[in-house]
Amino acid sequence: MPIQILPAQLANQIAAGEVVERPASVIKELVENSLDAGADRIEVEVDKGGHKRILIRDNGSGIGKQELTLALSRHATSKIHCLDDLEQIISLGFRGEALASISSVSRLTLTSKPQAQPEAWQAIAEGRDMRVRLIPAAHPDGTSVEVLDLFFNTPARRKFLRTEKTEFQHIDEVIRRIALSRFDTAFSLKHNGKLLRQYPKAASQAARQKRVALVCGQGFAQQALTISSELQGLSLHGWLSLEPASQPDQQYFYVNGRMMRDKLIHHAIRQAFEGWLPQEAHPAFVLYLTLDAREVDVNVHPAKHEVRFHQARLVHDFIFRALQDALEQPAPEQTPATLS
Ligand code: ADP
Ligand code: MG
């Protein structure tokens, strides 16, 4: 076969293979876009486990009519402009791939109205040839993205979709993770027309605690130890529980507000818990690590689940020490955690 440049849709579908695994991954990408757009209210609606329909509605900055089509093309982003920006990423997105990828494997409409634009516009991507139609629409300030028939044109991916119930559980988990990362934003989640989750904005400490209890259960919120530790530009805050869990499903770790599943971090946590929990038990925690954005590389994995720390040893030992100190403290009168 001669060498040729792949058609745009095929290239996007290949990229989609990396980030769009299932409906929950679509929701993660779209909600992160809403957060990057400064939204403080994000509504998520899904039908049939997200397979049939996903709708994300936000009250963020919106996208102007002249940029709607561009937003759907690959490598189009407003979040970085040069290599220097890549070295210190503060937004959740930066690859400019999510909308292009998702629209190549679904029927996507993007409707948006920036505050300064009197009317809303809608871009319709048919998922076939990456051509976009633009029509006027009715929409308040902000953006809605609707994704219909995910994987309708990629049967291999569609085969991997699980039952409606399982896919919804993954979606619910994505929303929990994000809800714990942003207390300043209200989230709601509807499935098949039923409002199932509601996390109101949590400004006060009591409200934050309520959100943690909603996500992690009253049991966790009541007996969790508070972590608060700082050293050389690193800080670790949050909660951890000494109640052994049989499943590793209450492990929330954020690096600069981004949810992570990182080997180095897990190793440090495991090590700190050694002797505190039975071997087969899983620690439960909600922890927030913050450090200078230049000290961490988030451009390691397309779905950004992993990071690379420039000073891996320092970060590892800091986390280990912070948790060990907290565990070794004689149990004080526990007050609910304060989050920064
Ligand atoms: P990335 O998030 O990596 O920049 P995306 O493909 O997810 O790439 O989005 C492309 C661009 O579209 C973003 O950089 C942003 O400018 C714009 N955009 C996407 N979603 C929203 C939204 N909900 N509100 C405002 N702008 C958005
Ligand atoms: Mg994005």
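Just so it is clear, the model here is predicted, and its values are computed rather than measured.

(A) Just the overall build of the chain, in detail. Looking only at helices and strands, one finds eleven helices and 15 strands in the chain. Scaling as 2.2 N^0.38, a compact globule of 340 residues should have a C-alpha radius of gyration of about 20 Å, and the chain matches this with 21 Å. Counting all 340 residues of the chain, 39% fall into the buried class.

(B) Region of interest: the domain arrangement of the chain. Domain annotation of the chain identifies domain 1 (8-199) and domain 2 (215-328). Averaged C-alpha coordinates put domain 1 and domain 2 at centres separated by 28 Å. Domain 1 puts 14 residues into the contact, and the matching count from domain 2 is 13 residues. A per-element tally of the side of domain 1 that touches domain 2 places helix 7 (residues 164-181) first, with five residues. Classifying every residue of the side of domain 1 that touches domain 2 gives seven nonpolar, three polar and four charged.

(C) Representation of the confidence of the model for the chain in the model. Residues of the chain with pLDDT of at least 70 account for 94%, and the chain-wide mean is 91. Scored as a whole, the predicted complex attains pTM 0.92, and scored at its interfaces, ipTM 0.99.

(D) Examining the packing of helix 10 (residues 263-273) against helix 11 (residues 312-328) more closely. Viewed as axis vectors pointing N to C, helix 10 and helix 11 meet at an angle of 30°, and their least axial separation amounts to 8 Å. In terms of axis orientation, helix 10 runs roughly parallel to helix 11. Considering how the two elements wind past one another, helix 10 and helix 11 form a crossing that is right-handed. Note on element contacts: helix 11 touches helix 10 through Ala312, His316, Ile319, Phe320, Leu323, Gln324 and Leu327, opposite Leu264, Ile265, His267, Ala268, Ile269, Gln271 and Ala272. For the contact of helix 10 with helix 11, the class distribution of residues is ten nonpolar, four polar and no charged.

(E) Structural view of the packing of helix 2 (residues 23-36) against helix 7. Across the interface, helix 2 lies against helix 7 with an axial gap of 8 Å and an inter-helix angle of 25°. The orientation of helix 2 with respect to helix 7, classified from their angle, is roughly parallel. Between helix 2 and helix 7 lies a crossing whose hand is right-handed. From helix 2, Pro23, Ala24, Ile27, Lys28 and Val31 reach across to helix 7, where they touch Glu167, His170, Ile171, Val174 and Ile178. Here the residues of the contact of helix 2 with helix 7 sort into seven nonpolar, one polar and two charged.

(F) Quick look at the sheet that holds strand 4 (residues 120-125). Across the sheet, eight strands lie side by side as 5-4-3-6-2-1-7-8; this open sheet has mixed pairing. At either end of the open sheet lies a strand with only one pairing partner, and these are strand 5 (132-137) and strand 8 (194-199). Taking each pair of neighbouring strands and ignoring which way they run, the sheet shows an average axis angle of 15°. Bridge analysis of strand 1 (residues 41-47) against strand 7 (residues 186-191) gives six bridges, and the strand direction is parallel.

(G) Spotlight on the site of ligand 1. Neighbouring ligand 1 are 23 residues, the closest being Asn33, Ala37, Thr77, Gly93 and Ala98. Within the residue set of the shell around ligand 1, elements represented by two or more residues are helix 2 and helix 5 (98-104). When its residues are assigned to classes, the shell around ligand 1 shows eight nonpolar, ten polar and five charged.

(H) Helix 8 (residues 205-216), seen in detail. Taking 1.5 Å of rise per residue, twelve residues should cover 16 Å, and helix 8 covers 16 Å from first to last C-alpha, within 8% of that figure. The elements touched by buried residues of helix 8 are helix 7, strand 8, helix 9 (218-223) and strand 13 (282-290). In the stretch just after helix 8, Gly217 is the one whose phi turns positive, near 95°.

(I) Summary view of the environment of Val215. Following the sequence through the fold, Val215 ends up in helix 8. With 55 residues separating them along the chain, Val215 and Arg270 place their C-alpha atoms 22 Å apart. Apart from the residues within four sequence positions on either side, Val215 is in contact with Arg176, Ala179 and Leu180.

(J) A look at the environment of His305. By the secondary structure assignment, His305 is in the loop between strand 14 (296-297) and strand 15 (308-309). Those residues within four positions of His305 in sequence are excluded, and the remaining contacts are Met260 and Arg261.

(K) Representation of the nonpolar core in the model. Ranked by internal contacts, the top residues of the largest apolar core, which has 80 residues, are Ile27, Ile102 and Ile319. When residues in this core are grouped by element, the largest group, seven residues, is from helix 7. Both domain 1 (8-199) and domain 2 (215-328) contribute no fewer than three residues apiece to this core. Setting aside residues up to four positions removed in sequence, Ile102 forms contacts with Ala16, Val20, Val26, Glu29, Leu108 and Val147.

(L) Structural view of the environment of Ile102. With respect to the secondary-structure elements, Ile102 resides in helix 5. Exposure remark for Ile102: the 26 C-beta atoms within 10 Å place this residue in the buried category. When the C-alpha atoms of Ile102 and Val255 are compared, they prove to be 26 Å apart, with 153 residues separating the residues in sequence.

(M) Broad picture of the pairing of strand 1. Two elements, strand 1 and strand 2 (residues 53-58), share six bridges in a ladder whose sense is antiparallel. Residue Asp47 lies in a different strand from strand 2, and its bridge partner there is Arg53. Linkage of strand 1 to strand 2, two consecutive antiparallel strands, is achieved through a turn of five residues, within which Lys48 is found at a positive phi near 55°.

Thresholds, definitions, all that
- Residues numbered from 1 in each chain as written.
- Chains lettered and ligands numbered in written order.
- Predicted model: local features only at pLDDT ≥ 70, side-chain atom pairs only at ≥ 80, totals over all residues.
- Helix = DSSP H or I, 4+ residues; strand = E, 2+ residues; numbered from the N terminus.
- Rg over C-alpha atoms; globule rule 2.2 N^0.38 Å.
- Buried ≥ 20, exposed ≤ 12 C-beta atoms within 10 Å, placed from the backbone.
- Domains from an automatic or database assignment.
- Contact = placed C-beta atoms within 7 Å.
- Nonpolar A, V, L, I, M, F, W, Y, C, P; charged D, E, K, R; others polar.
- pLDDT = per-residue confidence, 0-100.
- Axes fitted to C-alpha atoms, helices over the stretch in contact; angles between N-to-C directions.
- Parallel < 35°, antiparallel > 145°, perpendicular 65-115°, else oblique.
- Left-handed = near helix turned anticlockwise from the far one by under 90°.
- Pairing = 2+ DSSP bridges.
- Near = placed C-beta within 6 Å.
- Expected span 1.5 Å × (residues − 1).
- Core = buried A, V, L, I, M, F, W, Y, C linked by C-beta atoms within 7 Å.

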